[in-house]
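So you can see what is in the structure, the chains are spelled out below.
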Amino acid sequence: MITVERVIRVGRPRAEVVGYLEDFSRTEEWDPGTLRCVRLDDGLVRPGARWLNTSRFRGRTTELRYELVVRESDRLVFVGENRTVTALDDLRFTEQGSSTVLTYRASLRFKGLARLAAPFLRGEFEQLGDGVVTRLPAAVEAWRP
């Protein structure tokens, strides 16, 4: 398994940061690997909401179906899956004055033969984590609820 964690300060109150990030289709705006992310159901965003995320990694395009499994005032957890990987995005929020500190942890568990490649991919996933640090605060701060 590969786990990448970043601590990111966002210049918005916690409720607004959670409100922005709970809609996983917005990963197009802040995740450098995401090409497209489309909601698969309708209604309020709550546990059970689903998205189809299309990403590019190492020149290949892949799709994962994500589901929101935890939605709390200080935590969001999304689980994505396809035939080669299960991804877990765990976002935890702490309010500090008018800003929010986000602890973003992405874990990837590879399946089958893909498990053999995991040790060689860590560096590239770390780079993606660095890209999130760069892009996410600006995307959230530009958003108008």
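As the structure is a computational prediction, the values presented were derived from the model and not from experiment. (Residues numbered from 1 in each chain as written. Predicted model: local features only at pLDDT ≥ 70, side-chain atom pairs only at ≥ 80, totals over all residues. Heavy atoms only, no water.)

Asker: Help me out: how do you make sense of the nonpolar core in this one?
Answerer: A general tendency of soluble globular proteins is for nonpolar side chains to be buried together. Grouped together as the largest cluster of nonpolar side chains are 33 residues, with contacts concentrated most on Leu21, Trp51 and Leu136. Breaking this core down by element, the ones donating at least two residues are β1 (2–10), α1 (14–21), β4 (60–72), β5 (75–81), β6 (85–96), β7 (99–110) and α3 (118–142). A total of 5 residues in this core trace back to one element, the largest contributor, which is β7. Residues within four places of leucine 21 in sequence aside, it is in contact with Trp30, Leu76, Phe78, Leu91, Phe93, Leu102 and Leu136. (Core = buried A, V, L, I, M, F, W, Y, C linked by side-chain atoms within 4.5 Å. Buried < 20%, exposed > 50% of the residue type's maximum accessible area, 1.4 Å probe, protein only. Helix = DSSP H or I, 4+ residues; strand = E, 2+ residues; numbered from the N terminus. Contact = heavy atoms within 4.5 Å.)

Asker: Teacher, can you tell me more about the confidence of the model for the protein here?
Answerer: The predicted coordinates should not be examined in detail at positions where pLDDT is low. When the pLDDT values of the protein are averaged, the result is 90; 90% of them are 70 or greater. At the low end of the mean pLDDT range in the protein sits α3, at 78; at the high end sits β5, at 98. (pLDDT = per-residue confidence, 0-100.)

Asker: In this structure, what is going on with the pattern of salt bridges? I would like to understand it.
Answerer: On inspection of all chains with the given rule, the structure shows 7 salt bridges. Put simply, glutamate 16 and arginine 12 hold a salt bridge, and the shortest N to O gap is 2.5 Å. For arginine 12, a relative accessible area of 8% puts it in the buried group. Aspartate 41 is the salt-bridge partner of arginine 39, the closest N and O atoms lying 2.4 Å from each other. (Salt bridge = Lys/Arg side-chain N within 4 Å of Asp/Glu carboxyl O.)

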